[in-house]
Structure formats: C-alpha cells, structure tokens
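One-letter residues, chain by chain:
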Amino acid sequence: VLNLEDKVENYAYSIMSKKERELYDSYLSDARNELVNNDYKMSTVLSVITRLRQIACEPRMFIDNVNVENSKMNLLLEIIEEKVSDNHKILVFSQFTSVFPYVSERLDKLNIRHLELTGKTKTIDRKNLVDEFNSNNDIKVFLISLKAGGSGLNLTSADVVIHYDPWWNVAAMNQATDRAHRIGQENVLHVIKLINK
C-alpha cells in the first residue's frame, strides 16, 4: 500500500472587471445567435464554448489588439508570487498552450524562473526539462500542457499544482495532478483550480 502525503484541493475565484464582463457578454450574445443560426450543431456548440473559455482565460488568445486587464491572470500571478515567496515549486496546467506566452511574459517581469512543456516538445527535451525542474531549486514554475503533462512525468519536486482552466475531463486533470502526487512526494500537495466568475 502506497502511503502518500495528503492532497488538498481548493478553488480560487477571480471576478471579471466591468470591461472584461462587457467583452465576454458581447461574445456571449454573438455565440447565442451563432448557435441558433446553426441549429445547435455539436461542432458549433463546442467551438462556441471553447471561444468563451478562451476569453475568460486570456482574451488576447482569441481577440487581436484587445486592451483589457485580465483578472484571472492577475489571480494566477498573485498565487504564484505568494507560493514562490514561501519557497514552493509550482506546476501550472492549461489545455490552452497559447496562454503560456502571456503567463511567461508576466513571470519574466517578476523575475520568476520557469520552464514550459507542450505537445510540441521533443521527447529528449521533455526528459531534460523534467530533470532541470526537479534538480534546480531556482526554477519555481513549470508551465505544462494538460495533454502533454498527463503521463510519463515525475515532478515530485513540486508541491503546488494550479489548473489554470479546469477541463471537462476530470480524469485527465487528476492524471496531470498525479505527476506531483506520486512516489517521491514528501510534502502535502496543494491543488488549486482557477475559475473566472
């Protein structure tokens, strides 16, 4: 029987600013019309939901030249700063790899060293990135695609897991979390799921 330290799961909520809400609501209105015009085809429904989720996560992923403060990104960076100051190492999972450049830009401004792993990362590079993250205590954050991070990684040096955009597939999220919650984990693992209200 494997005895692991506890896994504590929490939700953290960001609240959209007035401008964010107006932007989201305008696309929500367009989405409703699009669904009606396409007779609620499943492909249209999934496309619309994905678009709305992207806007809630980082509007610049979907809309060019938008200048709206991102409350969810602010919350993510606030949590990361707090955890890094307490000497924690953090895994940040997202299904949207296109959000990583925006997260990376903010981490660079805060002088927080980080790595990134996506489905495009070569196999040999995956191993090297994992080894570097686990062995280098100066690297505090690892940005990982939910799909790429779902298997084959041992990241027990991290004791905080943040799901930037909780996914419909809970099993995939749990599998990603278990990259840190496995043999070798000596600390209580804190799992935080971010929701933009």
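Described in the following lines is the structure provided in the data block. From a predicted model like this one, the values you see are computed outputs, not experimental measurements. (Residues numbered from 1 in each chain as written. Predicted model: local features only at pLDDT ≥ 70, side-chain atom pairs only at ≥ 80, totals over all residues. Heavy atoms only, no water.)

**Quick word on the pattern of salt bridges**
Next, step 1: For the structure on display, the rule yields seven salt bridges.
Next, step 2: Of the charged contacts, one joins Lys109 and Glu105 as a salt bridge, the two residues approaching to 3.7 Å between their closest N and O atoms. Of this pair, Lys109 and Glu105 are both found in helix α4 (residues 100–109), four residues apart, which corresponds to roughly one turn of the helix.
Next, step 3: With a relative accessible area of 62%, Lys109 lands in the exposed category.
Next, step 4: A relative accessible area of 35% means that Glu105 is categorised as partly exposed. (Salt bridge = Lys/Arg side-chain N within 4 Å of Asp/Glu carboxyl O. Helix = DSSP H or I, 4+ residues; strand = E, 2+ residues; numbered from the N terminus. Buried < 20%, exposed > 50% of the residue type's maximum accessible area, 1.4 Å probe, protein only.)

**Things to note about a negative patch on the surface**
Next, step 1: Together, Glu78, Glu81, Glu82 and Asp86 make up a region of like negative charge exposed at the surface.
Next, step 2: Within the secondary structure, Glu78 sits in helix α3 (residues 71–85). (Patch = residues over 30% accessible without salt bridge, like charges linked within 9 Å, V, L, I, M, F, W, Y side chains within 5 Å. Areas by Shrake-Rupley, 256 points an atom, 1.4 Å probe, with all protein chains shown as cover. Lys, Arg positive; Asp, Glu negative; His and termini not counted. Charge placed at Lys NZ, Arg CZ, Asp CG, Glu CD.)

**Overview of the packing of helix α1 (residues 18–37) against helix α2 (residues 42–57)**
Next, step 1: Interhelical geometry of α1 versus α2 gives an angle of 180° and a closest axis separation of 10 Å. Regarding the angle of α1 to α2, the classification is roughly antiparallel. Each of Leu23, Tyr24, Tyr27, Leu28, Ala31, Glu34 and Leu35 in α1 lies in contact with α2, whose residues at this interface are Thr44, Val45, Val48, Arg51, Leu52, Ile55 and Ala56. (Axes fitted to C-alpha atoms, helices over the stretch in contact; angles between N-to-C directions. Parallel < 35°, antiparallel > 145°, perpendicular 65-115°, else oblique. Contact = heavy atoms within 4.5 Å.)

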